[in-house]
Amino acid sequence: MNERVVNTLIAGEAGQGLQTLGGLFARILVRAGYRIVVTQSYMSRIRGGHNTFAVRASAGKIHAPDERVDLLLCLDAPSIAIHREEMREGGVIVADRADAEGAGDGEGLFAVPFDELPGGIVRGTVALGVLCALLGLDRAEAAETVAHAFEKKKGAEVAQANREAFYAGFDRGAARGGGALSLPAAPGGTNRLVMNGNQAIALGAASAGVRFCSFYPMTPATSVPLTLIGMAERAGIVVEQAEDEIAAVNMAIGASFAGATAMTATSGGGFALMQEGVSLAGATETPLVVVVAQRPGPATGLPTRTEQADLDFVLYAGHGEFPRAIWAPGTVEQCFHLARRAVESAERWQGPMFLLTDQFLADSLRAVEPFDIERLPAVRVGADPASVETPYERYRVTGDGVSPRLTPGAGGHIVVADSDEHTADGHLTENLEARVLQHGKRLRKGQGIRAEAAPPELIGDERPELFIVCWGSTRGAAVEAAETISASGTPAAVMHFSQVWPLVAEAFLPALEAAPRAVCVEGNAAGQFAGLVRRETGFAFGERINRYDGLPITPGFILRGLGHGDA
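Rules used throughout
Residues numbered from 1 in each chain as written. Predicted model: local features only at pLDDT ≥ 70, side-chain atom pairs only at ≥ 80, totals over all residues. Heavy atoms only, no water. Helix = DSSP H or I, 4+ residues; strand = E, 2+ residues; numbered from the N terminus. Buried < 20%, exposed > 50% of the residue type's maximum accessible area, 1.4 Å probe, protein only. Contact = heavy atoms within 4.5 Å. Lys, Arg positive; Asp, Glu negative; His and termini not counted. Charge placed at Lys NZ, Arg CZ, Asp CG, Glu CD. Salt bridge = Lys/Arg side-chain N within 4 Å of Asp/Glu carboxyl O. Pairing = 2+ DSSP bridges. Axes fitted to C-alpha atoms, helices over the stretch in contact; angles between N-to-C directions. 1 Å grid on protein atoms, 1.4 Å probe; cavity = no way out; pocket = protein on both sides within 12 Å on 5 of 7 lines; lining within 4 Å. Points joined across faces, edges and corners; volume = space filled by probe spheres on them. Nonpolar A, V, L, I, M, F, W, Y, C, P; charged D, E, K, R; others polar. Phe/Tyr/Trp six-rings, centres within 6.5 Å; stacked < 30°, edge-to-face > 60°. Expected span 1.5 Å × (residues − 1). Arc of directions from axis to C-beta.

Engineer: Let's hear about the overall build of the protein chain: which residues, and what values?
Structural biologist: Along its length, the protein chain carries 19 helices and 20 strands. Seen along its three principal axes, the alpha-carbon backbone of the protein chain occupies a region of about 85 × 60 × 40 Å. Taken across its 567 residues, the protein chain has 57% of its residues classed as buried. Pairs at least 24 apart in sequence give 73% of the contacts found in the protein chain among residues at least 6 apart. Taking the average place of the 49 positive charges on the side chains of the protein chain and the average place of its 66 negative ones, the gap between the two points comes to 2 Å.

Next comes the structure, spelled out in structure tokens:
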């Protein structure tokens, strides 16, 4: 990439306002027209511990986090020593003068007496002003973004205090070396949104007509229902915090049975409790969307870190056999569109559908163009009561396996459903011939789901010597790694799967087999996706790159794994 990219790391303890400060910084950059990739790293505690909020920014396209740091803001003294070795040559460390004592002076360390500056009582805003000056951002425009954010939440007086604090920090930064890490002018529009993956999932689901979401809080899934709560009144959505995940999934099934488009969101441990409910949705053919936000396990594992180790779990979740689809978005935009797709598919094929994300993407803010929600149709729930054959049979045997679904009370028909094996009219049965008819009917829906499966996205050289195969949130790192390899003279491309089940071999196997070298990159130890591809197609990857230390996969990690050194 020829465009200058600056990676800014804000480091400190939980409780020091990293998320507020980082979020404001991200909004300033996006409003100024830049693209961003945010990576949040935080410990599983309310206060204390070492946390970071990284914002990678560029006027050009960027897709992934960076391991090296250009601009480091330390909110406490330990952060200087922790991150100093990560600094890129020419980088700048900003720290409070008291924290910087004994850290050694030098051109790269900018000690600022935050408390002595006007507005020092809001030192985070002062520090923000310093960062913006060093990046050469517009002083007045950035200050207005800060003031606007505070005015919305705390009123005009607080907004003015923060505006003055920002100016104090900006002027100190400008005097020391303003523009030292200047970004080039950016072409991005000022109407773009700043949104993370979980917010996009919630917005996509709401745009498809989701009217009910039940959940039990579990990082990193919780911000999906919290985002829905924020729009609940305007959008007519009911969000219920249940007593546990068992209740949450069954509430969603009940709401769906009654006619509300429904979803739930959880993480691996919570999803483990939902297994019986998932089977219930499969047996009763009740539409249900389950968002599973991955984090490292087993058990509670690393609750606030990232991993891609629940693919097998979601693929085989629930007892018995029933069809399903699993989507794994690789961008914030895909989070929006695939959440819609999951809702549509659940209603069309009447069963549980899954959206598999992870902590990195869940928390990663990006600049996105506004979604044209008004032009997107809402999903139709159930059949038209006037169109069904009479006498009405909820589980009528059909060629594609899809039976007419009415909601109770619709059109005067009696709707009978059962989790035991049942007859076409929904009554419990132990007739073995009826069992075979109903089980075959349910499984036939899998053929339709397979026919609609999205092929993988091919990015890069059309005749690559190297294919980097990945799924879900590793897309961005793979794309940047492939760009670096291609630039060095070896044609490379990325094959990204945003739908990981069902797999349709004809859609990708010829391209994969034609490449001299194919490497599967994923965020788990066992190579779950590589194993799935082998089981479904017979193709065995000769090389795998796996990360399972709780950190997101970066371009540098892939390049080192491929023997190409760092980006």
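Engineer: I'd like a description of the pattern of salt bridges, backed by residues and values.
Structural biologist: When the charged atoms of two side chains with opposite charge come close together, those side chains can pair. Here the structure, examined in full by the defined rule, presents 24 salt bridges. Arg88 is the salt-bridge partner of Asp70, the closest N and O atoms lying 3.0 Å from each other. With Asp70 in strand E4 (residues 69–74) and Arg88 in strand E5 (residues 87–96), this pair connects stretches of sequence that are 18 residues apart. A relative accessible area of 9% means that Asp70 is categorised as buried. Here Glu452 and Arg348 are joined by a salt bridge, their closest N and O atoms 3.0 Å apart. Of the two residues, Glu452 sits in the loop between helix H15 (432–451) and strand E15 (457–460) while Arg348 sits in helix H13 (residues 332–349), which places them 104 residues apart along the sequence. The class for Arg348 is partly exposed, based on a relative accessible area of 40%.

Engineer: How would you summarise the sheet that holds strand E8 (residues 212–215) if you had to cite specific residues and measurements?
Structural biologist: The strands making up a sheet associate through backbone hydrogen bonding, with each pair oriented either parallel or antiparallel. Strand order in the open sheet made by the seven strands is E9-E8-E10-E11-E13-E12-E18, with mixed pairing throughout. With partners counted over all chains shown, the strands left at the sheet margins are strand E9 (238–241) and strand E18 (499–501), one partner each. Examined bridge by bridge, strand E12 (residues 326–327) and strand E13 (residues 352–358) share two bridges and lie parallel to one another. Counterpart to Ile326 in the pairing with E13 is Phe354. Along the sheet, H13 makes contact with strand E11 (288–294), E12, E13 and E18, crossing E13 at roughly 165°.

Engineer: Can you tell me about empty space enclosed by the protein, naming the residues and giving the values?
Structural biologist: A water-sized probe rolled over the atoms picks out the places where empty space is left. Applying the stated criterion across every chain yields a total of six cavities of 30 Å³ or more. Among the residues forming the lining of the largest cavity, the class breakdown is five nonpolar, five polar and three charged.

Engineer: Go over the pairing of strand E2 (residues 35–41), please, and point to the residues and values.
Structural biologist: For E2, the tally of buried residues reaches six of seven residues, placing the bulk of the element in the interior. Pairing between E2 and strand E3 (residues 48–58): seven bridges, direction antiparallel. Paired with Val37 across the bridge in E3 is Arg56. Hairpin connection between E2 and E3: a loop of six residues separates the two successive antiparallel strands.

Engineer: Got a sec to walk through unusual backbone geometry? Specific residues and values, please.
Structural biologist: Of note, the bond from Thr219 into Pro220 is cis; its omega dihedral lies within 30 degrees of zero at 5°. Non-glycine residue Ala299 carries a positive phi angle of around 55°. Look at Ala299 and you get exposed, because its relative accessible area is 70%. You will see that Gln350, though not glycine, has its phi angle at about 55°, which is positive. Its place among the elements puts Gln350 in the loop between H13 and E13. Of the residues examined, Gln350 reaches a relative accessible area of 5% and is grouped as buried.

Engineer: Residue-level account of the packing of aromatic side chains, with values.
Structural biologist: All told, the structure shown has nine aromatic pairs when counted by the stated rule. With centroids separated by 5.2 Å and ring planes inclined at 75°, the aromatic side chains of Phe271 and Phe313 adopt a geometry described as edge-to-face. Separated by 42 residues along the polypeptide, Phe271 in helix H10 (residues 268–273) and Phe313 in helix H12 (residues 311–315) bring together distant segments of the chain. Grouping aromatic residues by their ring pairs yields a cluster made of Trp471, Phe497, Phe508 and Phe529.

Engineer: Now, about the sheet that holds strand E20 (residues 543–546): what can you tell me, with residues and values included?
Structural biologist: Taken together, the five strands give an open sheet; going across it, the order is E15-E17-E16-E19-E20, and neighbouring strands pair in mixed fashion. Only two strands of the sheet have a single partner each, and these edge strands are E15 and E20. Pairwise comparison of adjacent strand axes, ignoring direction, gives a mean angle of 25° for this sheet. Across the face of the sheet, helix H16 (residues 475–487) comes into contact with E15, strand E16 (466–471) and strand E17 (492–497) while running at roughly 170° to E17. The strands touched by helix H18 (residues 528–537) are E16, E17, strand E19 (517–522) and E20; relative to E19, the strand with the most contacts, the crossing angle is about 130°.

Engineer: I'd love a proper account of H15, names of residues and values included.
Structural biologist: The end-to-end C-alpha distance of H15, which contains 20 residues, comes to 30 Å, matching closely the 28 Å that a straight helix rising 1.5 Å per residue would cover. Within H15, burial applies to Ala434, Gln438, His439, Lys441, Arg442, Lys445, Gly448 and Ile449. Take H15 and look down its axis: the buried residues cluster within an arc of 160°, on one side only. Turned more than 90 degrees off the buried face of H15, the exposed positions are Leu432, Glu433, Val436, Gln447 and Ala451.

Engineer: I'd like a rundown of helix H4 (residues 123–134), residues and numbers included.
Structural biologist: Look at H4: 17 Å from first C-alpha to last across 12 residues, which is about the 16 Å you get at 1.5 Å a residue. Buried residues dominate H4, accounting for 10 of its 12 residues. Within H4, burial applies to Thr125, Val126, Ala127, Leu128, Gly129, Val130, Leu131, Cys132, Ala133 and Leu134.

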